[in-house]
Amino acid sequence: MAHFDPNARPFSHQWLNERLAIDTLKRVLSTEYWIPKNINFLWAMGMILAATFGILLISGIFLLMYYLPDTKQAFDSVNYTIMSEVGYGWLWRHMHGVAASVVFLIIYIHMFTGIYYGSYKRGRELIWLSGMLLFVTFSAEAFSGYMLPWGQMSYWAGMVITNLFSLGSLDLQGLVEWIRGDYVPGQAFLGRFFMLHVLLMPLIIMALIVLHFGTLRIPHVNNQDGEEIDFEAEAEKWKAGKRKESKVIPFNPVFLSKDVFVMGVYFIFYFYLVFYHFEFAMDPVNFDPADPLKTPPHIYPEWYFLWSYEILRPFPKDPGLIAFGFAQVIFFLLPFLDRSPNVAPASRRKPFRCWFWILLVDMIVLTIMGKLPPEGIYTTIGTVAAWVFILLWVALPFITKMEKPIRGAK
Ligand code: HEM
């Protein structure tokens, strides 16, 4: 039976604790949530992502006050009203645009950190899968947001991407029209993507962030050596005052203070882009209003989608779609395709180390080729890079199966 002290002052610590168990919450989520000591600045990327999502939400709310989801007014509401008429409208727009772009840079760093250290294995499979769901929903959020200014690239990228749903020679035009709500992108299309961008996707992202944090609670975060730590025993050492001896630190205040430092460095970089190089997040073609009668000579997506776009491009219609679908889902399967028992950094896992670096370089090459026009040598390099991507994933179960057990990494 709960105990409520009638003399407790309303909203005092005791009063709140009796009703909300705030001491227990604080302990479980913060002061007794244990983090290994043996980690580096790359483990701050998760909190940086959470902070960047916060910036996107706040700046988005300000933009929403003046944005008009109407095909005749959307372009002007962004490029004139928000940029020149509303006080500091330009600042919120630059903050939103730059955050939408750098969030992907951080997501890729966070993903590749996980891959490098094997943080998707040994009880951490759900962390990886919930992370991948976040990647997909962030992609949908970014794509739907890109439609909103109703510029030339919004319109034509919307046309190309929704066309993919005709599924090549299956020619499902009915499905494409159902998604667009019309034969071509128009008012129904803009209204839907507006709803997705400002309501449905942010709600799903918030739920997934809670799930992602929840999946971290029991296995805890990995560490630089992949060492399997007995968190309870190490936490007891910390609580008993043997802080040097203990292999763990509490999330709050010790780990958080380090996170905040890395976040500070990140924010210097972020605001530098916001004030001096915001154009890096904005395509010049999108400063022309959407014109359904004028196809831009070269249609390409934002930089963070270029690698998967380049996997689609070099192949004929149907194989291209299959390769594109493969690129979208294959990262989900990583915990099950990596057959090695070792949880260790890639530097200690011989064949996997090569696999990791080839994959990283290959995705950078695909990104660069995706931006260049599909002609001459670019097509050749793009085709080779697309094949390398596919073959790397096909080879993964075989090369990891051959891996020898590493001492202390099982
Ligand atoms: C976009 C929103 C995301 C947020 C807010 C987020 C947040 C976090 C946080 C706070 C951590 C713990 C600290 C750290 O390792 O950085 C973490 C860990 C992790 N995240 Fe994410 N994450 C996101 C996306 C992703 C994505 C796209 C993936 C990849 C599939 C991913 C995979 C992981 C993995 C494997 C870990 C465990 C790292 C370890 O054990 O060392 N996350 N995430």
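Cut-off values and rules
- Residues numbered from 1 in each chain as written.
- Predicted model: local features only at pLDDT ≥ 70, side-chain atom pairs only at ≥ 80, totals over all residues.
- Heavy atoms only, no water.
- Donors = N, O, S within 2.8 Å, 3.2 Å for Na, K, Ca; no water.
- Tetrahedral: all angles 85-135°; square planar, octahedral: opposite > 155°, others 65-115°.
- Helix = DSSP H or I, 4+ residues; strand = E, 2+ residues; numbered from the N terminus.
- Buried < 20%, exposed > 50% of the residue type's maximum accessible area, 1.4 Å probe, protein only.
- Axes fitted to C-alpha atoms, helices over the stretch in contact; angles between N-to-C directions.
- Parallel < 35°, antiparallel > 145°, perpendicular 65-115°, else oblique.
- Left-handed = near helix turned anticlockwise from the far one by under 90°.
- Contact = heavy atoms within 4.5 Å.
- Nonpolar A, V, L, I, M, F, W, Y, C, P; charged D, E, K, R; others polar.
- Near = heavy atom within 4 Å.
- Polar contact = N/O pair within 3.5 Å; in protein donor to acceptor, adjacent residues only side chain to side chain.
- Salt bridge = Lys/Arg side-chain N within 4 Å of Asp/Glu carboxyl O.
- 1 Å grid on protein atoms, 1.4 Å probe; cavity = no way out; pocket = protein on both sides within 12 Å on 5 of 7 lines; lining within 4 Å.
- Points joined across faces, edges and corners; volume = space filled by probe spheres on them.
- Expected span 1.5 Å × (residues − 1).
- Arc of directions from axis to C-beta.
- Core = buried A, V, L, I, M, F, W, Y, C linked by side-chain atoms within 4.5 Å.
- Domains from an automatic or database assignment.

K.L.:
Would you mind going over the coordination of the iron atom of the ligand with me for this structure?
P.N.:
Under perfect tetrahedral coordination by four donors, a metal shows angles of 109.5 degrees; under perfect octahedral coordination by six donors, it shows angles of 90 or 180 degrees. Around the iron atom of the ligand, the protein contributes the donor atoms His110 (NE2) and His212 (NE2), which lie 2.1 Å from the metal centre. The site at the iron atom of the ligand holds six donor atoms, and with the angles between them running 82 to 179 degrees, its shape is octahedral. Taken as a pair, histidine 110 in helix α5 (residues 89-117) and histidine 212 in helix α9 (residues 187-217) lie far apart in primary sequence, 102 residues in all. On the basis of relative accessibility, which here comes to 12%, the residue histidine 212 falls in the buried class.

K.L.:
How should I be thinking about the packing of α5 against helix α11 (residues 251-276) in this particular structure?
P.N.:
For the pair α5 and α11, interaxial distance at closest approach is 9 Å and the crossing angle is 130 degrees. Taken together, the axes of α5 and α11 lie oblique to each other. The element α5 and its partner α11 pack so that their crossing is right-handed. The segment α5 lies against α11, with Trp90, Leu91, His94, Met95, Val98, Ala99, Val102, Leu105 and Ile106 engaging Tyr266, Phe269, Tyr270, Phe271, Leu273, Val274 and Phe275. Of the residues that constitute the contact of α5 with α11, the class distribution is 15 nonpolar, one polar and no charged.

K.L.:
Quick question: what am I supposed to make of the side chain of serine 139 here?
P.N.:
Along the polypeptide, serine 139 turns up in helix α6 (residues 125-147). Leave out the neighbours within four places in its chain, and serine 139 touches Phe104 and Phe305.

K.L.:
For this particular structure, what's the right way to read the site of the ligand?
P.N.:
Near the ligand there are 22 residues, and of these Trp43, His110, Gly131, His212 and Asn222 occur at the shortest range. Between the ligand and serine 119 there is a distance of 3.4 Å, counted from an oxygen atom to a side-chain nitrogen or oxygen. In this structure, histidine 212 approaches the ligand through a side-chain N or O atom, which is 2.9 Å from a nitrogen atom. Listing elements by their share of the shell around the ligand, those giving two or more residues are α3 (45-64), α5, α6 and α9.

K.L.:
What's the story with unusual backbone geometry in this structure? I'm lost.
P.N.:
With the exception of glycine, the majority of residues adopt a negative phi angle, and the majority of peptide bonds are in the trans configuration. Of note, the bond from asparagine 252 into proline 253 is cis; its omega dihedral lies within 30 degrees of zero at 5 degrees. Within the secondary structure, proline 253 sits in helix α11. Phi at tryptophan 150 takes a positive value of approximately 50 degrees, unusual for a residue other than glycine. Along the chain, tryptophan 150 turns up in the loop between α6 and α7 (152-163). Unusually for a residue other than glycine, leucine 167 sits at a positive phi of about 50 degrees. Inspection of the secondary structure assignment puts leucine 167 in the loop between α7 and α8 (173-180).

K.L.:
Looking at this model, I keep getting lost on the pattern of salt bridges. Mind explaining?
P.N.:
Side-chain pairs of opposite charge can arise where the charged atoms are in close proximity. Within the structure shown, the criterion is met by ten salt bridges. In this structure, the salt-bridge partner of lysine 121 is aspartate 338, at a minimum N-O distance of 3.4 Å. With lysine 121 in the loop between α5 and α6 and aspartate 338 in the loop between α14 (334-337) and α15 (350-371), this pair connects stretches of sequence that are 217 residues apart. Residue lysine 121 is classed as buried on the basis of its relative accessible area, which comes to 6%. Among the residues examined, aspartate 338 registers a relative accessible area of 5% and is labelled buried. For arginine 349, the salt bridge identified is with aspartate 338, shortest N-O distance 3.0 Å. With a gap of eleven residues between them, arginine 349 in the loop between α14 and α15 and aspartate 338 in the loop between α14 and α15 connect regions that are remote in the sequence. For the pair arginine 349 and aspartate 338, one class covers both residues: buried. Overlapping salt bridges, with partners in common, bring together Lys121, Asp338, Arg349 and Glu403 in one network.

K.L.:
I'm lost on empty space enclosed by the protein in this one. Help?
P.N.:
In this approach the atoms are scanned with a rolling probe the size of a water molecule, which exposes any empty space left behind. Applying the stated criterion across every chain yields a total of one cavity of 30 Å³ or more. Each pocket or cavity is described by its volume, and for the largest cavity that value is around 50 Å³. What lines the largest cavity is simply Ala157, Val160, Ile161, Ile299, Tyr300, Pro301 and Tyr309. For the lining of the largest cavity, the leading source of residues is α7, giving three residues. Per-class residue counts for the lining of the largest cavity are seven nonpolar, no polar and no charged.

K.L.:
Quick question: what am I supposed to make of helix α13 (residues 317-329) here?
P.N.:
Think of an α-helix as turning once every 3.6 residues; residues three or four places apart then point the same way. With 13 residues, α13 should reach 18 Å at 1.5 Å per residue; the first-to-last C-alpha distance of 19 Å fits that figure. Three or more residues of α13 are buried, namely Gly320, Leu321, Ala323, Phe324 and Ala327. Burial along α13 is one-sided: seen end-on, the buried residues are contained in an arc of 165 degrees. For α13, the elements touching its buried residues are α12 (306-312) and α16 (376-401).

K.L.:
What should I look at first to understand the nonpolar core in this one?
P.N.:
Side chains of nonpolar character tend, in soluble globular proteins, to be buried together. Membership of the largest hydrophobic core comes to 110 residues, with the highest contact counts inside it found for Phe331, Trp355, Phe389 and Trp393. Ranked by residues supplied to this core, first place goes to α5 with 15 residues. When residues of this core are sorted by domain, at least three fall in each of domain 2 (40-222 + 251-299) and domain 3 (306-410). Once residues lying within four places of it in the same chain are set aside, the contact partners of tryptophan 393 are Phe326, Ile330, Phe331, Leu334, Leu337, Trp355 and Leu359.

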